[in-house]
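Topology and contacts: notes
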Amino acid sequence: AVVSTQSTGYNDIAYNSDNPFPGTIINALHGSDVYEGVMIDYMGDDVTPQTFLDVLSGKYTEKGSRKTVKSTKDDVIFVNFADHGGPGILAFPHSELYKGDLDRTLEMMSEGARFKQMLIYVEACYAGSMFTKLSADMNITAHTASNSDESSYACVLDEDLNTYLGDCWSLNWMNNTEQIMPNLDSETVMEQYDIVKKMTTTSHASIYGDLTTITNEPLSTFMGHGKGLKDARANEFQMENSIQSQDVMIDWLRRKLRKTTDEGSAEELKQQIKDHENKEKFVMKTIDAVGADLLGSPEAVNNLKKVSLAIRHPGCNEAVMKEFFAACNCRIQDNPYITKYLATLSKLCNMFSADIIVKTVGKYCYEQ
């Protein structure tokens, strides 16, 4: 079974008002359309964390095509997720999937013998934070674009489309896969991990869970076999053209401003950029204030920032993040740059109770 959750699943690219070629999706410089003929089971408002977990675990859903993974102890599952992320968070269009909910679903499926093996690929900032405690005996391996402490990166700026065509790590693993198609039995999961890790110089590709059995399986176990592609696109982009995924939206607005010739549009874009810049400053200032209040000084906050991130209390992390998003009126999808600062809140969960942090977050968000 293959479960893929990403922007094309939400289906807001092909007919987006900013797409100069309506009805198409291009994912390589001078590439052809990859949208035509794609079957999408869930799109729009149906793309939620709960729907994703229901589909993965085989639960009945009224959403979309209603197709779910009806797997047994003899089945293998491949999951590919690509979107924004934060500490212990994977972002969906209108809500967030938290580490605790994913942990419970994977544990339930493992204990219920709902699969033989599961391979998970995740392209998101801080993706490693979702899997740092993934048990090696659950028959699950997770390969992520980033570790627990960093952003992932977008690559391949298309000046004509005024957008980045993909994320560096994802482009690398897909291009590597295309290079060896249809002979996906010639490379193991670990071999692809090693190849992609070396290719991805912008972030630290990481691997978690079972590192002995699944990693020795050929890619064909999870991805099947495909016909040879007409144009393998490996190595057609340079990492120096990359940008932190957190900054893509503001970068896009600034490039759009530079290109516009309409005075009215220019003023509107300037205001949007200013609003986002002010929002980022507000978030940074607020989280620092929360930390200083709880820890006693700004110096203590700076020292905390140097500590590696570990989500030891997923329940606290979820409660604090939900309060912060609501009280400070910001969301990862609308304001992706805020993820640069959220780790401080996650680290506070290793030192204080959720109730204390939530109360302090509310105090500073509502006061400013």
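What you see is a predicted model; the values in this text were computed from it and never measured. (Residues numbered from 1 in each chain as written. Predicted model: local features only at pLDDT ≥ 70, side-chain atom pairs only at ≥ 80, totals over all residues. Heavy atoms only, no water.)

**Section: the overall build of the protein chain**
Scanning the protein chain from terminus to terminus reveals twelve helices and eleven strands. Oriented by its inertia axes, the alpha-carbon framework of the protein chain measures out at about 60 × 55 × 40 Å. Expressed as a percentage of its 368 residues, the buried residues of the protein chain come to 51%. Taking as baseline every contact in the protein chain between residues at least 6 positions apart, the subset at least 24 positions apart corresponds to 73%. Approximately 17300 Å² of the protein chain is accessible, and the part contributed by carbon and sulfur atoms is 50%. (Helix = DSSP H or I, 4+ residues; strand = E, 2+ residues; numbered from the N terminus. Buried < 20%, exposed > 50% of the residue type's maximum accessible area, 1.4 Å probe, protein only. Contact = heavy atoms within 4.5 Å. Areas by Shrake-Rupley, 256 points an atom, 1.4 Å probe, with all protein chains shown as cover.)

**Things to note about unusual backbone geometry**
Leave glycine aside and you will find that most residues have negative phi; peptide bonds, for their part, are mostly trans. Residues Met181 and Pro182 are joined by a peptide bond in cis, for which omega reads 5°. As for its position among the elements, Pro182 is in the loop between helix H4 (168-180) and helix H5 (189-199). Here Ala113, not a glycine, exhibits a phi torsion of approximately 50°, which is positive. Here Ala113 shows up in the loop between helix H3 (99-111) and strand S6 (117-123). Backbone geometry at Tyr126 places phi at a positive 60°, although glycine is not the residue there. Turning to its location among the elements, Tyr126 is positioned in the loop between S6 and strand S7 (140-144). Assessed through its relative accessible area of 6%, Tyr126 is described here as buried.

**A word on the layout of surface pockets**
What the second largest pocket holds in volume is close to 160 Å³. Forming the walls of the second largest pocket are Tyr126, Ser148, Asp149, Met284, Ile287, Asp288, Lys305, Lys340, Tyr341, Ala343, Thr344 and Lys347. (1 Å grid on protein atoms, 1.4 Å probe; cavity = no way out; pocket = protein on both sides within 12 Å on 5 of 7 lines; lining within 4 Å. Points joined across faces, edges and corners; volume = space filled by probe spheres on them.)

**Regarding the pattern of salt bridges**
Under the definition given, this model contains 16 salt bridges. Notably, a salt bridge pairs Arg255 with Asp251, separated by 2.7 Å at the nearest N-O pair. You can see Arg255 and its partner Asp251 sitting in helix H7 (residues 248-259), four residues apart, about one turn around the helix. Under the relative-accessibility criterion, Arg255 is labelled buried at 5%. What emerges from the salt-bridge pattern is a single network uniting Asp247, Glu280 and Lys340. (Salt bridge = Lys/Arg side-chain N within 4 Å of Asp/Glu carboxyl O.)

**Remarks on the pairing of S6**
Here is the key point about a regular strand: its side chains alternate between the two faces of the sheet. Of all seven residues in S6, seven are buried, a share of seventy percent or more. Neither face of S6 is open: one carries Gln117, Leu119, Tyr121 and Glu123, the other Met118, Ile120 and Val122, and all of them are buried. Where strand S2 (residues 76-82) meets S6, seven bridges bridge the pair, whose relative direction is parallel. Across the sheet, the residue bridging to Phe81 is Val122, located in S6. (Pairing = 2+ DSSP bridges.)

**Overview of helix H10 (residues 314-327)**
When the terminal C-alpha atoms of H10 are compared, their 20 Å separation across 14 residues agrees well with the 20 Å that a helix rising 1.5 Å per residue should span. Within H10, burial applies to Cys316, Asn317, Glu318, Val320, Met321, Phe324, Phe325 and Ala327. Residue Asn329 follows H10 closely and has a positive phi angle near 55°. (Expected span 1.5 Å × (residues − 1).)

**Points about empty space enclosed by the protein**
Under the defined criterion, the tally for this structure stands at one cavity of 30 Å³ or more. One number sums up the size of the largest cavity: a volume of about 60 Å³. Lining the largest cavity are Phe52, Leu56, Val79, Phe81, Leu90, Leu102, Leu106, Ile120, Val122 and Phe131. For the lining of the largest cavity, the secondary structure elements donating two or more residues are helix H2 (49-57), S2, H3 and S6. The class makeup of the residues in the lining of the largest cavity is ten nonpolar, no polar and no charged. (Nonpolar A, V, L, I, M, F, W, Y, C, P; charged D, E, K, R; others polar.)

**A look at the side chain of Glu187**
Relative to the elements of secondary structure, Glu187 occurs in the loop between H4 and H5. Buried charge Glu187 goes without a salt bridge, the closest partner of opposite sign being Lys198 at 12 Å. (Lys, Arg positive; Asp, Glu negative; His and termini not counted.)

**What to know about the state of the cysteines**
Here the structure, examined in full by the defined rule, presents three disulfides. Across the disulfide from Cys155 sits Cys168; the S-S distance is 1.9 Å. Given an S-S torsion of about 85°, the disulfide between Cys155 and Cys168 has right-handed geometry. You can see Cys155 sitting in strand S8 (residues 153-158) and its partner Cys168 sitting in helix H4, a full 13 residues away along the chain. No difference in accessibility class separates Cys155 from Cys168, as the two residues are buried. (Disulfide = S-S within 2.5 Å.)

**Looking at the sheet that holds strand S9 (residues 163-167)**
Here we have three strands laid out as an open sheet, ordered S9-S8-S11, and antiparallel in their pairing. Taken across any chain shown, the strands that pair with only one partner, and hence form the sheet edges, are S9 and strand S11 (243-244). Sheet topology note: the S8/S11 ladder contains two bridges and is antiparallel. Counterpart to Tyr153 in the pairing with S11 is Gln244. Lying on the sheet, H4 is in contact with S8 and S9; it crosses S9 at an angle near 60°. Contacts between H7 and the sheet are confined to S8, S9 and S11, with S9 contributing the most and set at about 155° to the helix. (Axes fitted to C-alpha atoms, helices over the stretch in contact; angles between N-to-C directions.)

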